[in-house]
Amino acid sequence: MPHTPYPFADRTLPNYVDGAFVAAGDTFPLIDPVTGRKIAGVAAADRALVDAAVAAARRALTGPWGRMALADRVALLGRIADAIEARFDDFVAAEIADTGKSLLQATRVDIPRGAANFRAFAALAQARSTQCFESDTPDGLGAINYSIAKPLGVVAVVSPWNLPLLLLTWKVAPALSCGNTIVAKPSEETPSTATLLAEVMHEVGVPEGVFNLIHGFGAGSAGEWLVSHADVDAITFTGESATGTAIMRAAAEGVKPISFELGGKNAAIIFEDADFEAAIAGTMRSVFSNCGQVCLCSERVYVARPIFDRFVAELATRARALKLGDPYAGADMGPLISAAHREKVLGYYRLAVEEGATIVTGGGVPDLVGDLAGGSFVEPTILTGLADDARCVREEIFGPVCHIAPFDSEEEVIARANDTRYGLAAALWTSDVKRAHRVARQMDVGIVWVNEWFLRDLRTPFGGTKLSGIGREGGEHSLAFYSEPMNICIKL
Ligand SMILES: NC(=O)C1=CN([C@@H]2O[C@H](COP(=O)(O)OP(=O)(O)OC[C@H]3O[C@@H](n4cnc5c(N)ncnc54)[C@H](O)[C@@H]3O)[C@@H](O)[C@H]2O)C=CC1
Ligand SMILES: O=C(O)/C=C/C=C(\O)C(=O)O
């Protein structure tokens, strides 16, 4: 199928620092996970460039950006959204080149959300109100307390590879809307849409130093140099829980605010009274979307015993029907992000067998030929028969796989679903509205969907409990994180 070519084919993706694109120094290869071939080089930021980016962001706080009226800042965010939409096909091509994700996923979810994040936070910043209290004083004249929201300062944004533009802009948009400046470090696996975003910032006239982009790896590279930088004021991160621990250590040094969205081992619960077809279709999405590489995906599925066999059989039939392959040739599911991640997921497939699982479908590598033979594909996989304490039931796999277990009572399934070190999301499937409310509020997670999955309203709190994160982003929660409140007390 003809499509827009990858915008950086055979080029070196540059960093973007203080309003200039910088491609000097070492490079690392960018690999297309569909074929396993190198498609471009990426300029790795050295420590001096990271320092320069932080210094530029610091200067920009007191430049034209720091003096910009809210209405102008909001208008600028709107122009960023417009420019993403104007280059929609380039963004789609870049996201697919980096990740191999399906055309549907890129065109319906990732890239539209990139633009929507800027529009949402432009509107929220515009509508933001402040608190005011009239206070009593001994002389009877009183005082007025009112609060203002100042920017935090220089915000470090560290983002992962699974939903690259969506998750980067989910942090960049609110941070800018609150007047901060940014140094962003996208995943080394997915630098392309972030680099296009830097082009967009440049085109629409975001002042120099307000948005800086540095490429590189995590530990011992640009990621670590950024989050441990003394002149960064706050850190926002999405990725693996263990990385969150490392970043938290770095942040502790300067006692910096952090916002973390981390991993999940999310439960889906299908009650006997659920709309069976809706539950099957929804669970197909919640397990296999983006090749299972969304922190919100369901990896533990609990099904009421009377419908268990039917549910497993139907889900397996549909999983087997998923078409794997080239995103531009109508594939439902692409590869995993990399050969290394494929090794991790296949390790869990092998472990499942050792732990005594029944492999209902999948469990290996699909038989793809030609260019696709070098890609990081794995089969969509359904497991049953594991004990609740099996590692495959407890650890985040981050691939197209779920374990399905039967349950007998509401109390039992709530306890089992909550018996995890993670606490991000849950999906409940039931037609009993009282049960929906009753069970939802007992789930130990940040987000519960009932008869849906990944239905997002950007004003709602988003984040997790336990190992799944710290804090909430979304709507006013993002505005609160990305600003420093200050109270002013006027004695009358
Ligand atoms: N949202 C989620 O829940 C995600 C979970 N994962 C899981 O994490 C596993 C590892 O994937 P990675 O891409 O390596 O995720 P990661 O959490 O290590 O990487 C995410 C971002 O953090 C950066 N980073 C890594 N170590 C850092 C450090 N010490 N200091 C500062 N920045 C650092 C990376 O360069 C990248 O930009 C995957 O196999 C998957 O299971 C991966 C991506 C997203
Ligand atoms: O903000 C969203 O809609 C999606 C968030 C997904 C993640 O945080 C993730 O997969 O890491």
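Residues numbered from 1 in each chain as written. Chains lettered and ligands numbered in written order. Predicted model: local features only at pLDDT ≥ 70, side-chain atom pairs only at ≥ 80, totals over all residues.

## Some words on the UniProt feature "active site" (unreviewed entry) in the protein
Item 1. Feature annotation in UniProt places "active site" (unreviewed entry) on Glu-261, given in this structure's numbering.
Item 2. Topologically, Glu-261 is positioned in strand β12 (residues 258–261).
Item 3. Under the C-beta neighbour-count criterion, Glu-261 is labelled buried, with 28 such atoms within 10 Å.
Item 4. Glu-261 has contacts with Thr-238, Cys-295, Gly-463, Gly-464 and Gly-469, leaving out every residue within four places of it along the chain. (UniProt positions renumbered as here; feature names shortened; annotations may be inferred. Helix = DSSP H or I, 4+ residues; strand = E, 2+ residues; numbered from the N terminus. Buried ≥ 20, exposed ≤ 12 C-beta atoms within 10 Å, placed from the backbone. Contact = placed C-beta atoms within 7 Å.)

## Let's talk about the environment of Glu-379
Item 1. In this fold, Glu-379 is placed in the loop between β15 (358–361) and β16 (381–384).
Item 2. Exposure remark for Glu-379: the 23 C-beta atoms within 10 Å place this residue in the buried category.
Item 3. Here the alpha-carbon distance between Glu-379 and Asp-367, two residues 12 residues apart in the chain, equals 9.3 Å.
Item 4. With near-sequence residues (within four places) excluded, Glu-379 lies in contact with Gly-362, Gly-363, Gly-364, Val-365 and Pro-366.

## As for the site of ligand 1
Item 1. Residues in contact with ligand 1 amount to 27 residues; listed here are only the nearest, Gly-218, Gly-223, Gly-239, Glu-240 and Cys-295.
Item 2. Within the residue set of the shell around ligand 1, elements represented by two or more residues are α8 (222–227), α9 (241–254) and α12 (339–354).
Item 3. Counting residues domain by domain, the shell around ligand 1 receives three or more from each of domain 1 (12–263 + 468–491) and domain 2 (267–450). (Near = placed C-beta within 6 Å. Domains from an automatic or database assignment.)

## Some thoughts on the environment of Gly-356
Item 1. Its location among the elements puts Gly-356 in the loop between α12 and β15.
Item 2. The exposure class of Gly-356 is exposed, given the 11 C-beta atoms found within 10 Å.
Item 3. Taking C-alpha positions, Gly-356 is 6.3 Å from Leu-386, a pair spaced 30 residues apart along the chain.
Item 4. If we skip the residues at most four places from it in the chain, Gly-356 touches Gly-385 and Leu-386.

## A short note on the domain arrangement of the protein
Item 1. Each assigned domain of the protein is listed here: domain 1 (12–263 + 468–491) and domain 2 (267–450).
Item 2. Computed from C-alpha coordinates alone, the two centres of domain 1 and domain 2 are separated by 31 Å.
Item 3. Every contact between the two is made by 21 residues of domain 1 and, on the other side, 27 residues of domain 2.
Item 4. For the side of domain 1 that touches domain 2, the secondary structure elements donating two or more residues are α4 (88–99) and α5 (103–127).
Item 5. Residue classes in the side of domain 1 that touches domain 2 are distributed as 7 nonpolar, 9 polar and 5 charged. (Nonpolar A, V, L, I, M, F, W, Y, C, P; charged D, E, K, R; others polar.)

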